[in-house]
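Analysis of the macromolecular model
One letter stands for each residue in the lines below.
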Amino acid sequence: MNAYVERVLADLIKRNPNEPEFHQAATEILKSLSIVFDKHPEYEEKGLLEMLVEPERIIMFRVPWQDDNGKIHVNKGYRVQFNSAIGPYKGGIRFRDTVNLSVIKFLGFEQIFKNSLTGLPIGGGKGGSDFDPKGKSDSEVMRFCQSFMSELYRHIGADTDVPAGDIGVGGREIGYLFGYYKKLVNEHTGVLTGRGLTYGGSLVRTQATGYGLIYLMEEMLKEKNLDFAGKICVISGSGNVAIYAHEKATQLGAKVVAMSDSNGYVYDADGIDLDVIKTIKEVKRERISTYINYKPNAKYVEGCKGIWNIKCDYALPCATQNEIDLESAKILVANGVLAVGEGANMPCSIDAAEYFQKSGVLFAPAKAANAGGVACSALEMAQSSMRTYWSFEEVDSRLKHIMVNIFHNIKDAAMRYGLDGDYIAGANIAGFEKVASSMIIQGVC
Ligand code: NDP
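Calculation rules
Residues numbered from 1 in each chain as written. Predicted model: local features only at pLDDT ≥ 70, side-chain atom pairs only at ≥ 80, totals over all residues. Heavy atoms only, no water. Helix = DSSP H or I, 4+ residues; strand = E, 2+ residues; numbered from the N terminus. Rg over C-alpha atoms; globule rule 2.2 N^0.38 Å. Contact = heavy atoms within 4.5 Å. Areas by Shrake-Rupley, 256 points an atom, 1.4 Å probe, with all protein chains shown as cover. Lys, Arg positive; Asp, Glu negative; His and termini not counted. Charge placed at Lys NZ, Arg CZ, Asp CG, Glu CD. Pairing = 2+ DSSP bridges. Axes fitted to C-alpha atoms, helices over the stretch in contact; angles between N-to-C directions. Disulfide = S-S within 2.5 Å. Near = heavy atom within 4 Å. Polar contact = N/O pair within 3.5 Å; in protein donor to acceptor, adjacent residues only side chain to side chain. Nonpolar A, V, L, I, M, F, W, Y, C, P; charged D, E, K, R; others polar. Domains from an automatic or database assignment. Core = buried A, V, L, I, M, F, W, Y, C linked by side-chain atoms within 4.5 Å. Buried < 20%, exposed > 50% of the residue type's maximum accessible area, 1.4 Å probe, protein only. Buried area = accessible area lost by both parts, 1.4 Å probe. Salt bridge = Lys/Arg side-chain N within 4 Å of Asp/Glu carboxyl O.

1. Some details on the overall build of the protein
- Secondary structure summary: the protein contains 17 helices and 12 strands in total.
- The C-alpha atoms of the protein give 21 Å as radius of gyration, which agrees with the globular expectation for 445 residues (22 Å, within 12%).
- Within the protein, contacts between residues at least 6 apart in sequence are counted, and of these 72% link residues at least 24 apart.
- Of the roughly 17,600 Å² of accessible surface on the protein, 50% is carried by carbon and sulfur atoms.
- Side chains of the protein carry 49 positive and 54 negative charges; the gap between the two charge centres is 3 Å.

Printed below as a string of structure tokens:
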């Protein structure tokens, strides 16, 4: 590893103890940027890496709220404004009991490079809370969102920081957050993306991350004369990303045989019925175990890790970080997996991702593969600023164009450094280059 990179990484780990997810994300990215730093010694003179790994601002706050029985709860709220070199901070909000500063910093750090890859003017940020909306009533979720926004509103704005959804934050939560922001600030602006279509949202935003994943994979598969027609897919998760990845893969002729939630997975040899999944997850907010009530021939298995034991052509982890470890990667490879597309953020551990690449599996890394969501969010911001709406076809074709471009940019970046086919390195390098040159032009700040 380049000596400068090694030193900054060691320092980062020492100065940010107890942040394993942030260490993991930084290690993965910085290791693959080592080769760039070998070629650009001037980056060290400018202190570029030291600035890049330190968030511009971290906001942490208390989120008190009252449940339906009058009991008071206090959660932690976070917003990490990581890097604004190429545009206003942009990145989702995650509500999940496992959220902590390390998780938000890992997501915010990744977001810098992902947003850069979209080619659109958006910086990197992320936020969230250790609150889990699962099992809460709508009124409880609303009170929580209002309390969260009563602090966050002073730090965000359409030209400053534009949050969106993530795990646990869908249309309902964005609605409550936006409504309260508007009340506090008295402005109807594009301060959040993922808004409903009746109040400033964009068509395709709901589908964007899942569709974008498939568009990018489609382009990658062409490298080996492959496509989705007749292929078997396993998709983890059954939330926003997973559902729309299923929808697009199926439209292209694939069969999705398994999906999961955090309790377990369902296997349906006839192909998972997406209408049933949408009913369970988007309408009834139930567990995926209930799928077998609709499809008695399907099988439900408790525990979600086993989903990777199912033989498939393409594996699409679309649930959460570190869901595929080396052991699962080995099983997938032994079962003949041809390609892996990361719909979730950092779903593969570093050694699992390396194993896929070493084994000749086409590997689409999250930063590139799931950038469709934030790209479409930037298109939502553009429509808000122009006070206009584009048709479904227009947004979808812009999304597809962006994903195809991302693939060619990461492929070219890998080739420029003699790393043909290493799309992990390609994504990190291509995402980094634009941020680095913008930071240098803007000086020490
Ligand atoms: P959702 O909340 O809509 O869905 C998440 C899904 O993953 C649910 O099915 C959930 O199950 C499952 N899940 C969560 N934690 C675990 C776990 N520990 N083990 C197994 N399954 C789990 O989130 P999204 O679909 O929006 O996000 C999924 C991933 O995609 C995240 O990594 C997110 O950061 C990333 N992403 C999302 C984007 C977007 O536009 N939404 C954009 C880019 C990345 P359960 O119902 O049991 O909680």
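What follows picks up the thread again.
2. Here's the deal with the sheet that holds strand S4 (residues 123–129)
- Across the sheet, five strands lie side by side as S1-S2-S4-S3-S5; this open sheet has mixed pairing. The sheet terminates laterally at strand S1 (57–66) and strand S5 (161–164), the two strands that pair on one side only. The average angle at which neighbouring strand axes cross in this sheet is 20°, direction not considered.
- As paired elements, strand S3 (residues 89–95) and S5 share four bridges and run parallel to each other. Bridge pairing in S5 links Lys90 to Val162.
- The sheet strands contacting helix H5 (residues 101–117) are S1, strand S2 (72–83), S3 and S4, and the helix crosses S4 at an angle near 155°.

3. With respect to the state of the cysteines
- This model, assessed by the stated rule, comprises zero disulfides.
- Unpaired in terms of disulfides, Cys233 finds its nearest cysteine sulfur in Cys312, a separation of 7.5 Å.

4. A short note on unusual backbone geometry
- Phi angles above zero are rare outside glycine, and Asn18 is one such case at about 60°.
- Here Asn18 is to be found in the loop between helix H1 (3–15) and helix H2 (20–39).
- With a phi close to 80°, Val204 is a non-glycine residue in the positive phi region.
- On the secondary structure map, Val204 appears in the loop between helix H7 (171–185) and helix H8 (205–222).

5. A short note on the site of the ligand
- Taken together, 26 residues surround the ligand, and among them Arg96, Asp166, Thr209, Ser262 and Arg287 come closest.
- A distance of 3.0 Å separates an oxygen atom of the ligand from a polar atom in the side chain of Lys134.
- A distance of 2.6 Å separates an oxygen atom of the ligand from a polar atom in the side chain of Thr209.
- In the complex, 85% of the free accessible area of the ligand, which totals 890 Å², lies under the protein chains.
- Sorting the residues of the shell around the ligand by element identifies H8 and helix H9 (240–251) as the ones contributing at least two each.
- Its residues assigned to classes, the shell around the ligand shows six nonpolar, 12 polar and eight charged.
- There are two domains that each give the shell around the ligand at least three residues, and those are domain 1 (3–187) and domain 2 (208–364).

6. Quick look at the sheet that holds strand S9 (residues 299–302)
- Across the sheet, seven strands lie side by side as S9-S8-S7-S6-S10-S11-S12; this open sheet has mixed pairing. Bordering the open sheet on either side are S9 and strand S12 (362–364), each of which pairs with just one other strand. Strand after strand, the sheet turns through a mean of 15° between neighbouring axes, direction not considered.
- Relative to strand S8 (residues 264–267), strand S7 (residues 255–260) runs antiparallel, the two being bridged by three bridges.

7. Here we look at the nonpolar core
- Core analysis: the largest hydrophobic core is formed by 98 residues, its most contacted members being Phe109 and Phe432.
- Looking at this core, you find at least three residues from each of domain 1 (3–187) and domain 2 (208–364).

8. Description of the environment of Met1
- Its place among the elements puts Met1 in the segment before H1.
- On a C-alpha basis, the gap between Met1 and Asp68 in space is 54 Å, while along the polypeptide they are 67 residues apart.

9. What to know about the domain arrangement of the protein
- Per the domain assignment, the segments making up the protein are domain 1 (3–187) and domain 2 (208–364).
- Domain 1 and domain 2 are separated by 26 Å when their C-alpha centres are compared.
- Taken together, the contacts link 17 residues of domain 1 with 13 residues of domain 2.
- Taking both partners together, domain 1 and domain 2 bury about 1,100 Å²; carbon and sulfur atoms supply 48% of that area.
- In terms of surface lost to domain 2, no three residues of domain 1 exceed Gln24, Phe106 and Arg172, which account for 37% of the buried area on that side.
- For the pair domain 1 and domain 2, the number of links is one salt bridge.
- Its salt-bridge partner being Glu354, residue Lys31 comes within 3.7 Å of it at the nearest N-O pair.
- Residue assignment for the side of domain 1 that touches domain 2 shows that the elements contributing at least two residues are H2 and H5.
- For the side of domain 1 that touches domain 2, a count of residues per class yields five nonpolar, two polar and 10 charged.

10. Remarks on the environment of Val340
- Summarising the element assignment, Val340 is placed in strand S11 (residues 339–341).
- The contact partners of Val340, leaving out residues within four places of it in the chain, are Met217, Met220, Ala315, Pro317, Cys348, Phe356, Val361, Leu362, Phe363 and Ala364.

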